Amino acid sequence: MGNMVWNTRKLYGKLFGAMLVLRLTSECNMQCAYCYVAEDGQPKSCTKVVSMGSVRKMLEYLEGEKTCGLQLILTGGEPLLYKPLIREIVECAEKLTIPHWIGIITNATLLDEGFLRYAKEKRIAFTISLDSPVFRYNQFRTENNRNLHERILENIDKALEMDVAVGINAVVNSLNVRHLNSLTDYCLEKGIRDFSLLPISDAGRAKETINHSVNCTQMCEAMQEVVEHIISVNETAGEVKVIERNIALLVKELMGIPTGPSCFSSPCGAGVTMLAMDLNGDIYPCDQYIGNEKMVLCNVENENIEQRIAENIALCAIVEKSKKRMDFCSECEHKICNGGCTADHIAKYGIEGQGNRDYWCRYYKQFYSYLRDLVAKTPEKAKWLTRTYWNMN
C-alpha cells in the first residue's frame, strides 16, 4: 500500500503539480457561524501562528519531490492578520527552483492599497469568502454589521481596480440558497471570472449550527437555477464570462475532458497532489482534516517525511477510497462522485464509518442526473458552463 501511495504521488506530481494549503494562524477577526476550521470547534493549541522554520522545511520537502509546479494556498483563521509573515513566506517561495503560484483565502476585511500593490507585484491571487453581495443574505458571516459587509465589497472593488486576481467562495446556507444568482450577477458585473458554491461542512463551529444548512432538494434546485442562469448570461455575451468551479468540473467530467485529481475523483487530491500543514507543523492530507488528530500524516520535523506519508494508514484509506464505501456506491448509475468528500465523511462518521451514505448523496444523484441530461441533450448549452471546451476548439 505504501508503494501505491508513493507511486501515485510521484506520477500525479509530475502530471499535475502539487498543492500545499498552509494554515498561517488560528486567529480570525470574524465569527462566521459555520466555520469548519473555527478554533472553538477543534482541540485547543498553544500555537497561534505558524513558524517560518516549519514553512521553510515544508517547501524544501515539496521542492525535493520535483513536481512540475506548486500551488501555495495561505489560509487561516484570517491570514491577513499577519501580512509581514505572508511577505516572508512569499520571499521564501521565490527561492524555489520549481514554478509556483500563491493564493490567499481571506474575508477581505483587512485588504488595503499597500498590500494590494504588493499582491499585484508578486502575482498573488485572492479567494474571498462572500456568501452574497446582498447584506441580508451574508449575515452568517457579518452578523448585523452592515459597515463590515460594505467594507468587504469596497475592498473587492479596490482589488479589481488594481487588476489583482479575485475569485469568490460562497457557502450555501439557509439565508442565501434561494438567491445564489445574486452572486452570479455580481461576479458578472465586476468581471470576476469564477466563483465556488460550497455546502456547509459538518466540522468546526458548524457542528453546533447545523440548522444553518439546507437539505438536498433545496441544494439541487438552487444549483439548477445557477446552471440555467450561467448559460443564459454567457450565451448572451457570446463568451464564457463567468463560471461556477464545481459545475464546470462536473461538466468536463461528463464531456470526457480530463480534469486531473479533484474532490470527486478516485483517488482525490488529498495526500496525492495536495497536502496541508497546520500551525505546529503537523501535515494532513488536505485542509479539511486539520484538527482531526487521527488524520495527521506526520510532522514537518520528522525524518523520512515521504516514507511516513506513504505508509500512513489513514492516507492509504483515503487513496483507496475505502472498499466498503466503493461497494456502497457500486449500484449508483453515475459513478462520478466516488462517494463524495472523504473528509466530510470522516468528520461525521470517523475513519471506520465510511460505509455510511453521504449526507449529500441524494443531492449528488439529482444534480448529476440533471447535468448528464443537459450535456447529452443540449451540448451546445452545456459548453457555456466551462472554459475548457472553448480552449480545446
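The notes below deal with the structure included here. (Residues numbered from 1 in each chain as written. Predicted model: local features only at pLDDT ≥ 70, side-chain atom pairs only at ≥ 80, totals over all residues. Heavy atoms only, no water.)

## Re the state of the cysteines
Under the counting rule described, the total for this entry stands at zero disulfides. This cysteine, cysteine 32, is not joined by any disulfide, and cysteine 28 carries the nearest cysteine sulfur, 6.3 Å off. Look at cysteine 32 and you get buried, because its relative accessible area is 14%. (Disulfide = S-S within 2.5 Å. Buried < 20%, exposed > 50% of the residue type's maximum accessible area, 1.4 Å probe, protein only.)

## Considerations on the packing of helix α7 (residues 181-190) against helix α8 (residues 216-237)
Direction vectors running N to C along α7 and α8 enclose 25 degrees, while the axes themselves pass 10 Å from each other. Taken together, α7 and α8 sit at an angle that is classed as roughly parallel. The interaxial crossing formed by α7 with α8 has right-handed handedness. Contacts between α7 and α8 involve Asn181, Thr184, Asp185 and Leu188 from the first element and Glu225, Val226, His229, Ile230 and Val233 from the second. (Axes fitted to C-alpha atoms, helices over the stretch in contact; angles between N-to-C directions. Helix = DSSP H or I, 4+ residues; strand = E, 2+ residues; numbered from the N terminus. Parallel < 35°, antiparallel > 145°, perpendicular 65-115°, else oblique. Left-handed = near helix turned anticlockwise from the far one by under 90°. Contact = heavy atoms within 4.5 Å.)

## Observations concerning the pattern of salt bridges
Applying the stated criterion across every chain yields a total of 14 salt bridges. A salt bridge links aspartate 157 to lysine 190; the shortest N-O distance between them is 3.0 Å. Taken together, the residues span a long stretch of sequence, with aspartate 157 in helix α6 (residues 146-161) and lysine 190 in helix α7 at a distance of 33 residues. Exposure remark for lysine 190: the relative accessible area of 27% places this residue in the partly exposed category. Here the residues in one salt-bridge network are Glu94, Glu121 and Lys122, joined through shared partners. (Salt bridge = Lys/Arg side-chain N within 4 Å of Asp/Glu carboxyl O.)

## Regarding the packing of aromatic side chains
On inspection of all chains with the given rule, the structure shows seven aromatic pairs. When the centroid spacing of 5.7 Å and the interplanar angle of 40 degrees are considered together, the rings of phenylalanine 115 and tyrosine 118 count as tilted. Taken together, the positions of phenylalanine 115 and tyrosine 118, both in helix α4 (residues 113-122) and three residues apart, correspond to about one turn of that helix. Here tyrosine 118 falls in the buried class, since its relative accessible area comes to 10%. (Phe/Tyr/Trp six-rings, centres within 6.5 Å; stacked < 30°, edge-to-face > 60°.)

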